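# Working through the structure, step by step
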Amino acid sequence: MMQTVSWNLTSCAESINNILIFFQSIRNDENFEKYLKIADELCESLEIQPEFPVEINLRRRHKRKQFDYEGDEDIQLTAKENFKINFFYVILDTAISSVTTRFETLSNFEQSFGFLYKFVEIGEDDIKKSCFDFHNKFKDGESCDINGAELYEELISLKIIIKDRKQPEELLKYLYKHNLQNSFPNVSTSLKLLLTMPVSVASGERSFSKLKIIKNYLRTSMTQERMSNLSIIAIESEIAESLNIHEAIDDFVSKKSRRINF
């Protein structure tokens, strides 16, 4: 799902957050019994005995003494409890920790750029706060390509013009189509920054996959320029397929023609 071209920063962050909420919501005894029942039904359909192994090294949990007169009673876990504590909960905790750590940067970017997706719907105070936070985060000393106060004023004006919510790519195309990029320079720059950041590395991986196909062992002597041109044609296949091949051939022939006109 994250490899689709139309996937954006906000949608990705929301999906990751929903995954975390789901993992956290099922980490309890009630859901453990629920999934254990599902596993039992699956085992029965596969004609497998839905039982925990009898010969299992059960961990003895020593009860901490609160008073000196308490006895030395050890709490022995059953196979089911051992599975729940040392497998079910451990798997969920590992998944929650991994997702949180791996997508921490994505969440930070969403907090910085998220208002550009929904500035039409949120209030002016929220827009103002987001603009100044954006300015403070991306400034370098005293210099900054984006002025927070001007960005706020531009978004308020743009909010009146477009009225409906647009994706950043659509909004940037709208500005250039109507020659408004100079009237909204901070918005234009912010959108360019946002759109240059990929949500995932899927596009880069596809490019390298294409390179393996293009430059095989039969094309070891291919020059860098030719390989780059073929890669662009392969990666931008949709644009390449829309071109008129006959016009391209005629144009190539006219430029490479060696016929002498008498």
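Look up: the structure comes first, before these words.
This report concerns the structure included in the present document. (Residues numbered from 1 in each chain as written. Predicted model: local features only at pLDDT ≥ 70, side-chain atom pairs only at ≥ 80, totals over all residues. Heavy atoms only, no water.)

### Digging into the pattern of salt bridges
One side chain can pair with another of opposite charge once the charged atoms of both are near each other. In total, this model carries five salt bridges according to the counting rule given. Asp133 is the partner of Lys129 in a salt bridge, and the nearest nitrogen-oxygen pair spans 3.0 Å. Placement of both Lys129 and Asp133 in helix 6 (residues 124-138) is noted, with a separation of four residues, approximately one turn of the helix. The class of Lys129 is exposed, set by a relative accessible area of 56%. In this structure Asp133 comes out as partly exposed when scored by relative accessible area, which is 38%. Taking the shortest distance from any N to any O, the salt bridge between Glu169 and Lys173 comes out at 3.5 Å. With Glu169 and Lys173 both in helix 8 (residues 168-177) and four residues apart, the pair spans about one turn of that helix. (Salt bridge = Lys/Arg side-chain N within 4 Å of Asp/Glu carboxyl O. Helix = DSSP H or I, 4+ residues; strand = E, 2+ residues; numbered from the N terminus. Buried < 20%, exposed > 50% of the residue type's maximum accessible area, 1.4 Å probe, protein only.)

### Focus: the nonpolar core
Residues Phe115, Phe119, Ile127, Leu151, Leu155, Leu158 and Val187 are the most contacted members of the largest nonpolar core, which totals 40 residues. Ranked by residue count, the leading element in this core is helix 7 (residues 148-162), at six residues. Filtering out sequence-adjacent residues up to four positions away, Val187 remains in contact with Leu151, Glu154, Leu155, Leu158 and Leu175. (Core = buried A, V, L, I, M, F, W, Y, C linked by side-chain atoms within 4.5 Å. Contact = heavy atoms within 4.5 Å.)

### Here's the deal with the side chain of Lys84
Its location among the elements puts Lys84 in helix 3 (residues 79-102). Leaving out residues up to four positions away in the same chain, Lys84 has contacts with Asp29, Phe32 and Tyr89.

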